[in-house]
Amino acid sequence: MAEEQQAAPVRKLGRALILLGPPGAGKGTQAREVARIYGVPHLSTGDMFREHVAQATELGRRAKPIMESGQLVPDEIVLGMVEERVARPDCAAGCVFDGFPRTLAQAERLETILGALPALASRTQAVNLAVDAEEVVRRIASRRTCRNCGAIYSAAGKMPKVAGKCDVCGGEVIQRPDDREEVVRQRLAAYERQTRPLIEFYRRRGQLVELDGSKDIATVQRELLAALERPR
Ligand code: ADP
Ligand code: ADP
Ligand code: ZN
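What counts and what doesn't
- Residues numbered from 1 in each chain as written.
- Chains lettered and ligands numbered in written order.
- Predicted model: local features only at pLDDT ≥ 70, side-chain atom pairs only at ≥ 80, totals over all residues.
- Heavy atoms only, no water.
- Donors = N, O, S within 2.8 Å, 3.2 Å for Na, K, Ca; no water.
- Tetrahedral: all angles 85-135°; square planar, octahedral: opposite > 155°, others 65-115°.
- Axes fitted to C-alpha atoms, helices over the stretch in contact; angles between N-to-C directions.
- Helix = DSSP H or I, 4+ residues; strand = E, 2+ residues; numbered from the N terminus.
- Parallel < 35°, antiparallel > 145°, perpendicular 65-115°, else oblique.
- Contact = heavy atoms within 4.5 Å.
- Nonpolar A, V, L, I, M, F, W, Y, C, P; charged D, E, K, R; others polar.
- Near = heavy atom within 4 Å.
- Polar contact = N/O pair within 3.5 Å; in protein donor to acceptor, adjacent residues only side chain to side chain.
- Areas by Shrake-Rupley, 256 points an atom, 1.4 Å probe, with all protein chains shown as cover.
- Phe/Tyr/Trp six-rings, centres within 6.5 Å; stacked < 30°, edge-to-face > 60°.
- Buried < 20%, exposed > 50% of the residue type's maximum accessible area, 1.4 Å probe, protein only.
- Lys NZ or Arg CZ within 6 Å of the ring centre and 35° of its normal.
- 1 Å grid on protein atoms, 1.4 Å probe; cavity = no way out; pocket = protein on both sides within 12 Å on 5 of 7 lines; lining within 4 Å.
- Points joined across faces, edges and corners; volume = space filled by probe spheres on them.

Asker: Looking at this structure, I do not really get the coordination of the zinc ion (ligand 3). What am I missing?
Answerer: The expected angle between donors at a tetrahedral four-coordinate metal is 109.5 degrees. At an octahedral six-coordinate metal it is 90 or 180 degrees. Surrounding the zinc ion (ligand 3) are the protein donor atoms Cys146 (SG), Cys149 (SG), Cys166 (SG) and Cys169 (SG), at 2.3 to 2.4 Å. Taken together, the four donor atoms coordinating the zinc ion (ligand 3) span angles of 96 to 116 degrees at the metal, a pattern that classifies the geometry as tetrahedral. One chain supplies every donor for the zinc ion (ligand 3), spaced along it as C-x2-C-x16-C-x2-C.

Asker: What exactly am I supposed to notice about the packing of helix 2 (residues 45-54) against helix 4 (residues 75-86) here?
Answerer: When two helices pack together, their arrangement is given by the angle between their axes and by how far apart the axes lie. With their axes 11 Å apart at the nearest point, helix 2 and helix 4 run at an angle of 100 degrees to one another. With respect to their mutual orientation, helix 2 and helix 4 come out roughly perpendicular. Packed against helix 2, whose contacting residues are Thr45, Met48, Phe49 and His52, the element helix 4 presents Ile77, Val78, Met81, Val82 and Arg85 at the interface. A class-by-class count of the residues in the contact of helix 2 with helix 4 yields six nonpolar, two polar and one charged.

Asker: Just checking my understanding: could you explain unusual backbone geometry for this structure?
Answerer: Most peptide bonds are trans, and most residues other than glycine sit at a negative phi. At the junction of phenylalanine 100 and proline 101, the peptide bond is cis and its omega measures out at -5 degrees in the coordinates. Topologically, proline 101 is positioned in the loop between strand 3 (95-98) and helix 5 (104-115). Residue alanine 56 is not a glycine yet carries a positive backbone phi of 50 degrees. Within the fold, alanine 56 resides in the loop between helix 2 and helix 3 (58-69). Backbone geometry places serine 122, a non-glycine residue, at a positive phi of 50 degrees. One can find serine 122 in the loop between helix 5 and strand 4 (124-130).

Asker: How do you make sense of the site of ligand 1 when you look at a structure like this?
Answerer: Lining the immediate environment of ligand 1, one finds 17 residues, of which Gly24, Lys27, Thr29, Arg143 and Lys215 sit closest. Here an oxygen atom of ligand 1 and a backbone polar atom of glycine 24 are 2.8 Å apart. For ligand 1, an oxygen atom lies 2.8 Å from a polar atom in the side chain of lysine 27. In isolation ligand 1 has 560 Å² of accessible area, and contact with the protein removes 88% of it. Residue assignment for the shell around ligand 1 shows that the elements contributing at least two residues are helix 1 (27-38) and strand 6 (152-154). Per-class residue counts for the shell around ligand 1 are six nonpolar, six polar and five charged.

Asker: I tried to follow the packing of aromatic side chains on my own but got confused; where do I start?
Answerer: Each pair of aromatic rings is reported with the distance of its centres and the angle of its planes. Under the criterion given, the structure shown has two aromatic pairs. Seen in terms of ring centroids, phenylalanine 201 and tyrosine 202 are 4.9 Å apart; in terms of plane orientation they differ by 80 degrees. Their pairing is edge-to-face. Judged by relative accessible area, tyrosine 202 falls into the buried class, the value being 2%. Just above the ring of tyrosine 38 sits the side chain of arginine 11; from NZ or CZ to the centre is 5.9 Å. A cation over an aromatic ring shows up here: arginine 205 above the ring of phenylalanine 201, its NZ or CZ 3.7 Å from the ring centre.

Asker: What is the right way to read the layout of surface pockets from this model?
Answerer: Think of a ball as big as a water molecule: rolled over the atoms, this probe shows where empty space is left. Taken as a whole, the second largest pocket encloses approximately 520 Å³ of empty space. Taken together, 19 residues form the lining of the second largest pocket, with Arg50, Glu51, Val53, Ala54 and Arg147 sitting closest to its centre. Those elements that provide at least two residues to the lining of the second largest pocket are helix 2, helix 3 and strand 5 (143-146). The biggest single contributor to the lining of the second largest pocket is helix 2, with five residues. Here the lining of the second largest pocket is built from residues that sort into seven nonpolar, four polar and eight charged.

Asker: Where do I start with the site of ligand 2 in this structure?
Answerer: Around ligand 2, a shell composed of 19 residues is seen, among which Thr45, Gln71, Arg102, Arg143 and Arg187 lie nearest. A distance of 2.7 Å separates an oxygen atom of ligand 2 from a polar atom in the backbone of glutamine 71. In the model, a nitrogen atom of ligand 2 is placed 3.0 Å from a nitrogen or oxygen of the glycine 99 main chain. No other element matches helix 2, which puts four residues into the shell around ligand 2. Of the residues assigned to the shell around ligand 2, the class counts are seven nonpolar, five polar and seven charged.

Given below as structure tokens:
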């Protein structure tokens, strides 16, 4: 019997998607899936910095002690790295930002950068994953991360099939050094002071979608995809 051939729906992101939310809100988890589904790059500044640190580049040497203390890396370092990345042709059909922007200066500069890219100009959408502080502390304590590819696991949820070994790449699955409790407090403070104001920044521009990030991973994903498919 001939199988009913149904073409997979071709979804086009066609915009710069920004995931906002405190550390541990689920930005990386959702960003990876959205990027996979739409076939666009996932731009995690945290992953980029961790790669620089692992390769001991000059940038990595500057970022490492700052990340370990739970502070934000200076804007000019972040922006140089992002600007170079966004200019590459694979971002022309859209991209998913995860952990960027994190300060008002970064958000303002991103507007200028995107404004110069014809396919993405005035097509920015920010999605805030709202999760309360108690829950993010719990999630961060359970988070495990692949040292090699950045895949995200949870001791309270999905762990690798083979203990300590990443399902995606076989890399070593560890607890991030900055996921220790003392550092987490600093990171949450940095979020409150420097990043939370971005919610208002994007709301004022009519570019904000607000989601309840405290629901389970599959539910948040469904609501996120539904928001992206709504006509703007
Ligand atoms: P962020 O990128 O915002 O810091 P992650 O995506 O790394 O957050 O998620 C933090 C931790 O919480 C990970 O261990 C992840 O598996 C887990 N997690 C992500 N989303 C949810 C969710 N909706 N419910 C429960 N745990 C989640
Ligand atoms: P999380 O989502 O758990 O907060 P990330 O992987 O996004 O963690 O970031 C880890 C660290 O990398 C941050 O605490 C900060 O030191 C640095 N970092 C990542 N992105 C930025 C950014 N956009 N601006 C400044 N520092 C950043
Ligand atoms: Zn991996």
